[in-house]
Amino acid sequence: MQIECQQSLPQPYRWHEFLAFHGRDVQQRSELLQPQSRRLFKALVWHGQPALLVLQWDERQVQARLHRPEGVVQDTDAHQQHQQQFQVLLQRMLGLAWPPSALLQAHGRHAELGPLLDRQRGLHVPASPTPFEALSWAIMGQQISVAVAVSLRRKLIEAAGLPLDALIQQQVPEAAHLLAYPDAEQVIQLSMDQLRALSFSQAKAQTLLSVARAVQEGLLPLDDWAQQSARGLWNEQAVEIVAQQLLAVKGIGPWTVNYCLLRGYGWPDGSLHGDVAVRRAIGLLTGTDKPDARAASDWLEQFKPWRALVAAHLWASLADKSY
């Protein structure tokens, strides 16, 4: 069974960030990126079942198709609900949840940031397909290099990822080897010893398992938050409530929360002042020494409510890495 939709793209739209984010693991265990043919295959868990997302794009629009296992029977209402959820997922992945053009309009004449925004016109922040993938990726990325975090992510996928349905493998043979990125239900089946054997630190393993349990128990309704966000129900106060619920989990701090809000929901205003790369980029942009976290927070404050999007521009100013 398939769900299909398409999404028009604002102009200009920079693909560099999307390609870097989804191509950050050269071994491509959960996604297969084909830049030359402008396609992405992404295996994910969709309503409890492994599914395959296929994106095909040109300069103006993206065509999306979701392959689901055969035998999934839905009434008309459920199908329409899934269609709407799929459209929202696509918009979030493309960084279209909040229009970044508003940042350029508001701060395009800023003495330091303005020229950077002009050079990087069309930058959108790609998000993970699911909030759980974004949050788990943020946990894995705590205080380590991108390369090491990618290695942990790959090991987690290989240990807990789900293979695609045999029919999907036949229909899309080039993606047959992909494993659906594990959701909370799959992660919670791993033990502490198993995660430690995958090179997770004690702290990261504990945090990841705590998050998976909280999701399973309904204490962290990550997908419900995504639906609320998509319906336009998120504002500063609502996001603060979400942030406090995430911070209540041992091992999750402000950086993890704000990174998850950006990569999982597209929220543009989480302050990533604790991020080493952001601080280094602020120093380069302003012609000063790398600021400490407090000074970086003060500098970013002037760009509220676009601080996370500013951080993405700062990341992009440094290198080709996807943070």
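Our subject is the structure that appears above.
The text that follows walks through the structure, step by step, so that each part is easy to find. (Residues numbered from 1 in each chain as written. Predicted model: local features only at pLDDT ≥ 70, side-chain atom pairs only at ≥ 80, totals over all residues. Heavy atoms only, no water.)

1. Brief notes about the layout of surface pockets
Which entries qualify depends on this criterion: Points on a 1 Å grid over protein atoms alone make up a cavity when a 1.4 Å probe fits among them but cannot get out, and a pocket when they form an open set with protein on both sides within 12 Å along at least five of seven lines; lining residues each have an atom within 4 Å of a point. Grid points are joined across faces, edges and corners, and a volume is the space filled by probe spheres set on the points. Each helix is a run of H or I in the DSSP string that is no shorter than four residues. Each strand is a run of E no shorter than two, and both are numbered from the N terminus. Polarity classes work like this: nonpolar for Ala, Val, Leu, Ile, Met, Phe, Trp, Tyr, Cys and Pro, charged for Asp, Glu, Lys and Arg, and polar for all others, with Gly in that last group.
The computed volume of the largest pocket comes to approximately 730 Å³. The set of elements that each furnish at least two residues to the lining of the largest pocket consists of strand 3 (39-46), helix 2 (76-93), helix 5 (131-140), helix 8 (184-187), helix 10 (202-216) and helix 11 (222-230). When the residues that make up the lining of the largest pocket are grouped by side-chain class, the tally is 15 nonpolar, eight polar and six charged. Within this model, the second largest pocket holds a volume of roughly 560 Å³. As for the second largest pocket, its lining consists of 20 residues, of which Gly141, Gln143, Ile144, Trp255 and Asp275 are closest to the centre. Within the residue set of the lining of the second largest pocket, elements represented by two or more residues are helix 5, helix 6 (146-160), helix 13 (254-265) and helix 14 (276-286). Residues that form the lining of the second largest pocket fall into these classes: 10 nonpolar, seven polar and three charged.

2. Here we look at the environment of Glu31
Counted only if it meets this: By definition in these notes, contact holds between two residues if any of their heavy atoms fall within 4.5 Å. Two N or O atoms count as a polar contact when they lie within 3.5 Å, although within protein this holds only if one can serve as hydrogen donor and the other as acceptor, and sequence-adjacent residues are included solely when both atoms are side-chain atoms.
Relative to the assigned elements, Glu31 resides in strand 2 (residues 31-34). When the C-alpha positions of Glu31 and Ala175 are compared, they lie 8.1 Å apart, and in sequence the two are 144 residues distant. Setting aside residues up to four positions removed in sequence, Glu31 forms contacts with His22, Leu40, Phe41, Lys42, Arg153 and Leu178. Within the structure, Glu31 has its side chain in polar contact with the side chain of Lys42 (distance 3.0 Å). A distance of 2.9 Å separates the side chain of Glu31 from the side chain of Arg153, its partner in a polar contact.

3. Some points on unusual backbone geometry
Here the residue pair Gln11 and Pro12 is connected by a cis peptide bond, since its omega of 0 degrees sits within 30 degrees of zero. Examined against the element boundaries, Pro12 turns out to sit in the loop between strand 1 (2-8) and helix 1 (16-22). Omega for the peptide link from Lys304 to Pro305 comes to 10 degrees, which places this bond in the cis form. Along the chain, Pro305 turns up in the loop between helix 15 (293-301) and helix 16 (307-318). Not every positive phi belongs to a glycine, and Gln143 is a case in point at roughly 55 degrees. Structurally, the position occupied by Gln143 is in the loop between helix 5 and helix 6.

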